[in-house]
Structure formats: C-alpha cells, structure tokens
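Coordinate analysis (summary)
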Amino acid sequence: QKAESFNQPLIEQFQQELGSAGYQISQYTPDGDIVISKGELNQQHLVIAIGSKTTQQLLESQLQNPILSLLMPRHLADSLRALYPEKKNWSNLLIDQPVERHFHLITSILGKHQQTGVLLGPYTNNMEASLKKAASKTDHEIITEHISDSDQLTQSLSNLNNRSNVLLTLPDPVVFNRNTIRGILLSSYRSRLPIIGFSQAYVKAGAIAAVYSQPGQISKQAVNIISDFFIDNIFLQKDYYPNEFSVALNTKVAHSLGIRLETSTAIIDKIKKAEQ
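Remember, predicted model here, so these are calculated numbers, not experimental data. Counting of residues starts from 1 at the beginning of each chain's written sequence and follows it residue by residue. At least 70 in pLDDT is required for a residue's local features to be given in this predicted model, at least 80 for side-chain atom pairs to be given and counted, and no such filter applies to totals for whole chains, interfaces and linings, which use all residues. Here the side-chain values reflect all heavy atoms present in the structure, with hydrogen atoms and water set aside.

**Quick notes on the overall build of the protein chain**
What counts, and what does not: Strands are runs of DSSP state E lasting at least 2 residues, helices are runs of H or I lasting at least 4, and numbering of each runs from the N terminus. For the radius of gyration, the atoms used are the C-alpha atoms, and the globule rule reads 2.2 Å times the number of residues raised to 0.38. Where accessible areas are quoted, they stem from the Shrake-Rupley method and a 1.4 Å probe; at the residue level, only the protein chains shown are allowed to cover. Only four residue types enter the charge count: Lys and Arg as positive, Asp and Glu as negative, with His and the chain ends excluded. Every charge is mapped to an atom, namely NZ of Lys, CZ of Arg, CG of Asp or CD of Glu.
Helix and strand content of the protein chain: 12 helices and 10 strands. Scaling as 2.2 N^0.38, a compact globule of 276 residues should have a C-alpha radius of gyration of about 19 Å, and the protein chain matches this with 20 Å. The dimensions of the protein chain, computed from C-alpha atoms along their principal axes, are 60 × 40 × 30 Å. Total accessible area on the protein chain is roughly 14100 Å²; 48% of this is exposed by carbon and sulfur atoms. Computing the positive centroid from 25 side-chain charges and the negative centroid from 25, the protein chain places the two 7 Å apart.

Here's what the structure looks like:
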C-alpha cells in the first residue's frame, strides 16, 4: 500500500525481499475513504497493509483475506482489535519495541536499580502493569505520573524530576508531540535527568539514547512472518514485536550530563545478551 514518504525505504526493501523470496506482488493505493478494489484484493492470498490508516480501511471494508499490518503502534492495534473482534486472520508487526528492551537499554547505560520515571497518557495508561513487571524483572523501579491532557504536563514532569534519575518516554501523542517535546527536554536537562527516547528523532532532539528498528530490520522480519504464515495459512501471533533493533545515541548530551556512553554496538550486544 502507498504510505508516507518516511516509509518509502521500508516499502522498497520489502518489495525487493518479497520478490527475491519468490512471492508475486501487486501494489494497491487506497484513495479517499475506501476505494480499494475488493474484487482485485479478494484474489490475493495475503494483503500487506502499511500503517494504521490503511489497516483501518481494510478492516472497515470487511475484507475476508488475511492481513498483515506493518508499522502499527501498539495502542492503535489494540483499539482496532477491539473495534473488529470478528477479524481473526489479521496480525500486526508493531512499531513499538518490547517493554523490557527499554529497561535493558537503561541497564546497559546507567546500570541496574534505577528510579525510572514514566509519564503515562491516555494511549499508554494501560501499560502500567506491564511496565512494573518489566522493571521488576530487570531490577529497576518505576515511578509513574498519569496525565489526561498536556496542560498537566509541567506539574507531572516536575514530580518525576524530583523522584527519578532517568525518564523513560513512550509513544503517547498526548504526552510527547511537537508542541511538548522541547519543554520536556529542557526541563529534564535543567534537572540533569537523562531521557531515554523512543525514536531516532527524539535522540537527535536531546534524549541520550533510544532503541528503534530500521526499515531493513522490519522488512526482514516481515518476510519471515509471511513465510511462516504460508506453511499453515495462519499467523503464529496476533502481534509481533520487532526482533532486530538498533540503538541511537546522543553522546554530546550524555557527556554534558556526566554519562559516558559505550558504542551502540557494545550496547546492542549487552541488550541481546540480557534478552537471551
């Protein structure tokens, strides 16, 4: 499916790898609300949807074909599954990293037993239990602040700055967006509170590190999921987290906070060892 320009490297690599694996590919571009030719799509053995918008269009059209969605945020996958519980042969390769992986990143940079602050908004509120479980499993403690809108951000951030020694960010658009990112980074920097981001862009803006998956890593995993699917025409999981990942680092900000960062390769090795 057609997607925004930042997804283009994934689409190109994915098509190349699918072709190399012997699959025949037809590309469709949904226009408007749902002007997808269901007649043409019905002839496909599997439909790949890039992003949540295309996925929702396919689900609304009540397409019977199996669907694999790529680049799906976890919170949108959850809400769409609640809206379309009858759709069984549909799986997601999430854009989110596994929760424990963020804590392994913190361990590899700052060591264990960190007081980890987390701002939870409407899209991430339901993650508190899994965050606590992951923190406990990796020998960390989490301190959470819940907000329902960005007006509560300043006070909640102040509370976390006083009680935490690292701030873990999660992809919640109410908490972290283009209007709030600068204020969060500046406030944390003044408090000498290092931030663990959830994207390369956040690290460039001032977070000290983040785990993320590159287009090639997502593409490779997607092809493996498809190969597994065609063995029995069933997805092995409802949702897949990225297997392969990269680490982005901001050594300049880390140095100014008195934190010495190892190379991204060394940090990745530590995380993979911890996950094993």
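**Regarding the packing of aromatic side chains**
Applicable threshold: Ring geometry is summarised as follows: Phe, Tyr and Trp rings, the Trp one being its six-membered ring, pair when their centres sit within 6.5 Å, and such pairs are stacked at plane angles under 30 degrees, edge-to-face over 60 and tilted between the two. Exposure categories follow from relative accessible area, calculated using a 1.4 Å probe and restricted to protein chains: below 20% of the type maximum is buried, above 50% is exposed, and the middle band is partly exposed.
On inspection of all chains with the given rule, the structure shows 6 aromatic pairs. A ring pair is formed by Phe198 and Tyr202, whose centres lie 5.4 Å apart and whose planes are at 50 degrees; its orientation type is tilted. Residue Phe198 is classed as partly exposed on the basis of its relative accessible area of 23%. When the centroid spacing of 5.1 Å and the interplanar angle of 75 degrees are considered together, the rings of Phe229 and Phe230 count as edge-to-face. Residue classification places Phe229 among the buried positions, given a relative accessible area of 2%. An aromatic cluster is defined as three or more aromatic residues linked by ring pairs; in this entry it consists of Tyr23, Phe229, Phe230 and Phe235.

**Describing the layout of surface pockets**
Spelled out, the test is: Of the two site types, the cavity is a set of points on a 1 Å grid over the protein atoms alone where a 1.4 Å probe fits but cannot get out, and the pocket is an open set with protein on both sides within 12 Å along at least five of seven lines, each lined by residues with an atom within 4 Å of a point. Grid points are joined across faces, edges and corners, and a volume is the space filled by probe spheres set on the points.
The computed volume of the second largest pocket comes to approximately 510 Å³. Mapped onto the lining of the second largest pocket, the elements with two or more residues apiece are helix H1 (8–20), strand S1 (47–50) and helix H10 (215–232). The biggest single contributor to the lining of the second largest pocket is H1, with 4 residues.

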